[in-house]
Amino acid sequence: MHSHDPKEMKAIVNRLAKAIGHLEAVKGMVENGRDCSEVLVQLAAVKSALNNTGKLILKEHISHCIVDAVEHGDMQAIEDLNRAIDQFVK
């Protein structure tokens, strides 16, 4: 069972909603034939927003889920986290 700080989860959901809105705006830029350089700059901003959100999720996961797993001797949670980190930083 995952237990998270509701305030942190709301902040993460809000960041994701903003990233989704930003990505929709980039899609509109492409549909409207905006300059490719402008689109690439905006895509970089979306990537940055998603990476920063991922970092927040990782910190939240370590602070709550992993601490709890270690306290209960759940080494599978550590292995799962390591696999997730490998995928996230690719």
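What comes next concerns the included structure. Remember, it's a predicted structure, so these values are computed and weren't measured experimentally.

Cut-offs applied
- Counting from 1, residues in each chain are numbered in the order their sequence is written.
- Given that the model is predicted, a residue must reach a pLDDT of at least 70 before its local features are reported, and side-chain atom pairs must reach 80 or more before they are shown or counted; all residues, however, enter totals for whole chains, interfaces and linings.
- The basis for every side-chain value is the complete set of non-hydrogen atoms in the structure, without hydrogens or water.
- Working convention: axes come from line fits to C-alpha atoms, limited for helices to the stretch in contact. Angles between N-to-C directions cover 0 to 180 degrees.
- Per the convention used, a helix needs a DSSP run of H or I reaching at least four residues, while a strand needs a run of E reaching at least two, with both numbered from the N terminus.
- When an angle is under 35 degrees it counts as roughly parallel; over 145 it counts as roughly antiparallel; between 65 and 115 it counts as roughly perpendicular; any other value is oblique.
- What makes a crossing left-handed is the near helix being turned counterclockwise from the far one by less than a right angle; a clockwise turn instead makes it right-handed.
- Gly counts as polar in this scheme, as do all residues outside two lists: the nonpolar Ala, Val, Leu, Ile, Met, Phe, Trp, Tyr, Cys and Pro, and the charged Asp, Glu, Lys and Arg.
- Think of a salt bridge as a Lys or Arg side-chain nitrogen and an Asp or Glu carboxyl oxygen that are within 4 Å of each other.
- Whether a residue is buried, partly exposed or exposed follows from its accessible area with a 1.4 Å probe, protein chains only, as a fraction of its type maximum: under 20%, in between, or over 50%, in that order.
- The span expected for a helix works out to 1.5 Å for each residue beyond the first.
- Any pair of N or O atoms that falls within 3.5 Å is considered a polar contact. Within protein, one atom must be able to donate a hydrogen and the other to accept it, and sequence-neighbouring residues count only if both atoms are side-chain atoms.
- Any residue with relative accessible area above 30% and no salt bridge may belong to a patch, with like charges joined within 9 Å and the nonpolar Val, Leu, Ile, Met, Phe, Trp and Tyr side chains within 5 Å.
- Values of accessible area rely on a 1.4 Å probe in the Shrake-Rupley scheme; residue burial ignores everything except the protein chains shown.

1. Here's the deal with the packing of helix α1 (residues 6-31) against helix α2 (residues 36-71)
In contact at an axis separation of 10 Å, α1 and α2 are set at 165 degrees when each is read in the N-to-C sense. Classed by the angle they form, the pair α1 and α2 counts as roughly antiparallel. Relative to α2, α1 is oriented so that their crossing is left-handed. Class assignment for the residues of the contact of α1 with α2 results in 16 nonpolar, 4 polar and 4 charged.

2. So, the pattern of salt bridges
Side chains carrying opposite charge are able to pair once their charged atoms draw close together. The full count for this structure, using the stated rule, is 3 salt bridges. Here E31 ties to K27 by a salt bridge, and the two come within 4.0 Å at their closest N and O atoms. One end of the pair, E31, and the other, K27, are both in helix α1, 4 residues apart, so they sit about a helical turn from each other. Look at E31 and you get exposed, because its relative accessible area is 59%.

3. A closer look at helix α3 (residues 75-88)
Between its first and last C-alpha, α3 extends 20 Å over 14 residues, near the 20 Å set by a 1.5 Å rise per residue. Where α3 begins, the capping side chain belongs to D74, and its oxygen is found 3.1 Å from the backbone nitrogen of Q76.

4. What about a nonpolar patch on the surface?
Together, L16, I20 and L50 give the surface a local cluster of nonpolar side chains, amounting to about 260 Å² of exposed area. Here L50 shows up in helix α2. The partly exposed category is assigned to L50, whose relative accessible area is 41%.

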